[in-house]
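One-letter residues, chain by chain:
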Amino acid sequence: MKRKIKTIKRMVSFGLILVMTLTGMNVYAAELGVNTDDIIDEQESATSITYNVETGEITYGADQMGDLSDTSSYAIQYDEYGTNPLYDGIIGIDNRVQITNTTESPYCNICYLEILFPDLFHTSGSGVLVYSDVLLTAGHCVYSSEHGGWALNVTVTPAKSGKDSKPLGSTYAMNLTCNEGWTVNNDHRWDWAILDLKKGFNTSQPFGYYDNYYDQLGTSVTAIGYPGDHQYYMYADTNSITYADEKFFVALCDVHEGESGGALIDVRSGYLIGVISSGAEVTPGEEYANYFVRLNPDLCSRIKAHFD
């Protein structure tokens, strides 16, 4: 049964800001008004939609045929790592640090995305390799109703560290898989996308989920991506989870436009447990929190369906 945390219920309303960046300048998508009392009651399932970039063909539900029990191997056990609560992070002070050893794990699995939409809107984002040729990112990095729908091209460069840096090479997405929760309803809890890449890389990020998401409150996590204010360079910040439910986390990690689709990594286990999605204004003009789509059994099953 889902739990509503009192601290987030006191947030009467807030604006969600998609974390994307226009090449050469920062941009925010329009703020979306959300009533937190309705968060838990939003849609519980969403059909996957796969768009073939080369042919334009669209298929539905291709990665939803798996048995959820098959994802048990991705469950992370708390007893293995113990707990290490951390509550002292403060959003408002920039605690991000540049990652210079980008070819070392887990940073070699974090990718810089160059994205082109149908209206010729160029933007950048982030993603994480969950298999040699499968990338997980934010849904709004590949589908934008504001900019004409499905992205025309998504170029993927892991471990990038500078404008011309391609230490592991580069490739592009052949298939973009999102879901109706995002493409139809703009529901931030469904703000994820899975990309099948033209070629694979000799690296991937372990991922998983904790069955009892409520116990993750206060635990330490690291957000990693490519912020627009330091374009082409990887940055990270470690802080704590302050809210959790079946489909998303709120955490105090500092992120910036451009980091959408980047990784939220559990410090104890080193596993990917979430994807950077959006920012929320908790106290108007003062306090912010950041939203991360949670890897749960359903999403892990959909990811697994893309493996060779």
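Everything that follows concerns the structure shown earlier in this document.
Residues numbered from 1 in each chain as written. Predicted model: local features only at pLDDT ≥ 70, side-chain atom pairs only at ≥ 80, totals over all residues. Heavy atoms only, no water.

1. Considerations on the nonpolar core
Then step 1. Counting 28 residues, the largest nonpolar core has Leu-136, Leu-272, Leu-295 and Ile-303 as its most contacted members.
Then step 2. Breaking this core down by element, the ones donating at least two residues are strand 8 (110-116), strand 9 (122-131), strand 10 (134-137), strand 19 (263-266), strand 20 (272-283) and helix 4 (297-304).
Then step 3. The greatest single-element share of this core, amounting to three residues, is contributed by helix 4.
Then step 4. When sequence neighbours within four positions are dropped, the list of residues in contact with Leu-272 reads Val-128, Val-130, Leu-136, Gln-205, Pro-206, Phe-207, Gly-208, Ala-263, Leu-264, Ile-265 and Leu-295.
Then step 5. By size, the runner-up hydrophobic cluster in this structure holds 26 residues, among which are Cys-141, Trp-150, Ala-151 and Ala-173. (Core = buried A, V, L, I, M, F, W, Y, C linked by side-chain atoms within 4.5 Å. Buried < 20%, exposed > 50% of the residue type's maximum accessible area, 1.4 Å probe, protein only. Helix = DSSP H or I, 4+ residues; strand = E, 2+ residues; numbered from the N terminus. Contact = heavy atoms within 4.5 Å.)

2. Looking at unusual backbone geometry
Then step 1. In this model, Ser-105 is joined to Pro-106 through a cis peptide bond whose omega is 5 degrees.
Then step 2. With respect to the helices and strands, the residue Pro-106 is situated in the loop between strand 7 (97-98) and strand 8.
Then step 3. The phi dihedral of Tyr-232 falls on the positive side, at around 80 degrees, and the residue is not glycine.
Then step 4. Position of Tyr-232 relative to the elements: it lies in the loop between strand 16 (220-225) and strand 17 (235-244).

3. Here we look at the pairing of strand 8
Regular strands place their side chains on alternate faces of the sheet.
Then step 1. Taken across its seven residues, strand 8 has five buried, putting it largely inside the fold.
Then step 2. In this sheet, strand 9 lies alongside strand 8 in antiparallel orientation, the contact comprising seven bridges. Across the sheet, the residue bridging to Tyr-112 is Ser-126, located in strand 9.
Then step 3. Here strand 8 runs beside strand 13 (residues 153-158); their pairing, made up of six bridges, is antiparallel. Within strand 13, the position partnered with Cys-111 by the bridge is Pro-158. (Pairing = 2+ DSSP bridges.)

Purely geometric numbers; function is a separate question.
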